[in-house]
Amino acid sequence: MPTPVYLLTGPEIGERNDFVEKLKADLKKKFGSSEDYLFYAADTRVQDVVAQLRTESLFNPATCIVLRGAEQIKLKDDITLLGEWISSVTPSAKNKSPSETSLLILVSDEISVDAKLEKLIPKENKKIFWEMFDDRKEEWVQHFFRKNGYSILPDAITTILDMIENNTEELRNECGRFFLCFPKEHAITSEDVEQILAHNREESAFTLFDAMADSETSVQKRLENALQILQKILLTKNSNAVMLIAGLASCFRKLSAWHRIHAGGAYVDDVTMAKNGFSGKTIRTQYARAARVWTAGQTTAIIALLSKTDMEIRSMGNTFYETQLTLMLHEIIIKKGASSATYEV
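Residues numbered from 1 in each chain as written. Predicted model: local features only at pLDDT ≥ 70, side-chain atom pairs only at ≥ 80, totals over all residues. Heavy atoms only, no water.

### Here we look at the side chain of glutamate 174
Okay, step 1: Here glutamate 174 is to be found in helix H7 (residues 168–175).
Okay, step 2: Owing to a relative accessible area of 12%, glutamate 174 belongs among the buried residues under this scheme.
Okay, step 3: Excluding residues that lie within four positions of it along the chain, glutamate 174 makes contacts with Ile164 and Leu197. (Helix = DSSP H or I, 4+ residues; strand = E, 2+ residues; numbered from the N terminus. Buried < 20%, exposed > 50% of the residue type's maximum accessible area, 1.4 Å probe, protein only. Contact = heavy atoms within 4.5 Å.)

Right, dumping it as structure tokens:
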């Protein structure tokens, strides 16, 4: 019996989510049904996760927990606790009949997690989901439309890939819009893509980062655009300040990786680029622009600022979170990570 714990990392969210769903389906097939939970490491104590794994459900024969943000699990006590649970469900000479009704799936957008945590996971249960190369993304989009009975022109595929985040989850969600707007006999054109995606684009932490990192726009205009996007995000039904900060932190950690591999003007080959999450032309252009806006040191300071703002919002609640987010954007764009007592535009 394999150890019922998995570590799934990397930026290719769509394929990673498909793998998670397969694991959950296999568990249900084996036991008939399961009780599924989704937790975030930033919001949930590891001891509560382990307690849930050890608690047998009265209504379902199995339990599956997906724990996102696994890169944030770093405390020695937390890793020790997880190690004890993993040992208790791993077959061994001393533990010949371990409980197999609980499944833990650790997920991270990063390439790796804390080395001590990673060491606990069997090699065969660890999988990195790399971003797709451009040629594979084109093939994916073509197949997705064909599978749903639609045709799409080559220039339309190029436009889609220029406008959408570099993962199949985002591609799947955005491309699905076309099936509601056009009949199957209509071949999707580049003009259709502009109309559907550009005019109906939802704002997110990633579009916010893109606006903040626009090196061709003045710093005052970047702040103005960023604040407009922030307001749109906060007005959405499911807006969450903590998740917004987590998304921005992911972007700036990726920018830190860009600075690291390009340190000293070093030439970086395509393989190294892909391993660090920069396989597509669009994302490389985006982070090359961001690197012109913030240096490696400023990027590190901004990551610390995001962490500080996250802790402040968690401790103070929702009373002043909009003001804190506005000040945070000012300090990132105008002060480049330095704190400021007053606004200086």
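### Describing the packing of helix H10 (residues 205–212) against helix H12 (residues 241–261)
Okay, step 1: For the pair H10 and H12, interaxial distance at closest approach is 8 Å and the crossing angle is 50°. By the angle between their axes, H10 is oblique relative to H12. Two packed elements cross with a definite hand, and for H10 against H12 that hand is right-handed. Contacts between H10 and H12 pair Ala205, Phe206, Leu208, Phe209 and Met212 from the former with Leu244, Gly247, Leu248, Cys251 and Phe252 from the latter. (Axes fitted to C-alpha atoms, helices over the stretch in contact; angles between N-to-C directions. Parallel < 35°, antiparallel > 145°, perpendicular 65-115°, else oblique. Left-handed = near helix turned anticlockwise from the far one by under 90°.)

### What to know about the packing of aromatic side chains
Okay, step 1: Within the structure shown, the criterion is met by 16 aromatic pairs.
Okay, step 2: For the ring pair phenylalanine 178 and phenylalanine 182, a centre distance of 6.5 Å and an interplane angle of 20° mean the geometry is stacked.
Okay, step 3: A relative accessible area of 0% places phenylalanine 178 in the buried class.
Okay, step 4: When its relative accessible area of 15% is taken as the criterion, phenylalanine 182 is described as buried.
Okay, step 5: Summarising the aromatic geometry, the rings of phenylalanine 209 and tryptophan 294 are spaced 6.1 Å apart at their centres and angled 25° between planes, so their arrangement reads as stacked. One end of the pair, phenylalanine 209, is in helix H10; the other, tryptophan 294, is in the loop between helix H14 (281–293) and helix H15 (296–316), and 85 residues separate them in sequence. Accessibility assignment for this pair places phenylalanine 209 and tryptophan 294 in one class, buried.
Okay, step 6: Through pairs of rings, three or more aromatic residues link up here, namely Trp140, Phe144, Phe145, Tyr150, Phe178, Phe179 and Phe182.
Okay, step 7: Above the face of the phenylalanine 129 ring, lysine 127 is positioned so that its terminal group lies 5.2 Å from the ring centre. (Phe/Tyr/Trp six-rings, centres within 6.5 Å; stacked < 30°, edge-to-face > 60°. Lys NZ or Arg CZ within 6 Å of the ring centre and 35° of its normal.)

### A short note on the pattern of salt bridges
Okay, step 1: If you walk through the whole model with that rule in mind, you get 19 salt bridges.
Okay, step 2: The shortest N-O distance in the salt bridge between arginine 253 and glutamate 71 comes to 3.7 Å. Highlighted residues: arginine 253 in helix H12 and glutamate 71 in the loop between strand S3 (63–68) and helix H3 (76–88), separated in sequence by 182 residues.
Okay, step 3: Residue classification places glutamate 71 among the buried positions, given a relative accessible area of 14%.
Okay, step 4: Through salt bridges with shared partners, a single ionic network connects Asp18, Glu169 and Arg172. (Salt bridge = Lys/Arg side-chain N within 4 Å of Asp/Glu carboxyl O.)

### Structural notes on the sheet that holds strand S2 (residues 35–40)
Okay, step 1: What the 5 strands build is an open sheet, ordered S2-S3-S4-S1-S5; its pairing is parallel. Unpaired on one side and paired on the other, S2 and strand S5 (126–128) mark the two borders of the sheet. Shown here is a sheet whose adjacent strand axes are inclined to one another by a mean of 15°, direction ignored.
Okay, step 2: Pairing of S3 with strand S4 (residues 102–108) involves 6 bridges; the strand directions are parallel. Paired with cysteine 64 across the bridge in S4 is leucine 103. (Pairing = 2+ DSSP bridges.)

### Let's talk about the nonpolar core
Okay, step 1: Core analysis: the biggest nonpolar cluster contains 41 residues, and Met212 and Trp294 have the highest contact counts within it.
Okay, step 2: Where this core is concerned, the elements lending two or more residues are H10, helix H11 (219–235), H12, H14, H15 and helix H16 (321–333).
Okay, step 3: A total of 12 residues in this core trace back to one element, the largest contributor, which is H12.
Okay, step 4: Not counting residues up to four positions away in its chain, the partners in contact with methionine 212 are Arg222, Ala226, Leu248, Phe252, Val293, Trp294, Leu329, Ile332 and Ile333.
Okay, step 5: Counting 23 residues, the second-largest nonpolar core is a separate cluster that includes Ala41, Ala70, Leu106 and Ile121. (Core = buried A, V, L, I, M, F, W, Y, C linked by side-chain atoms within 4.5 Å.)

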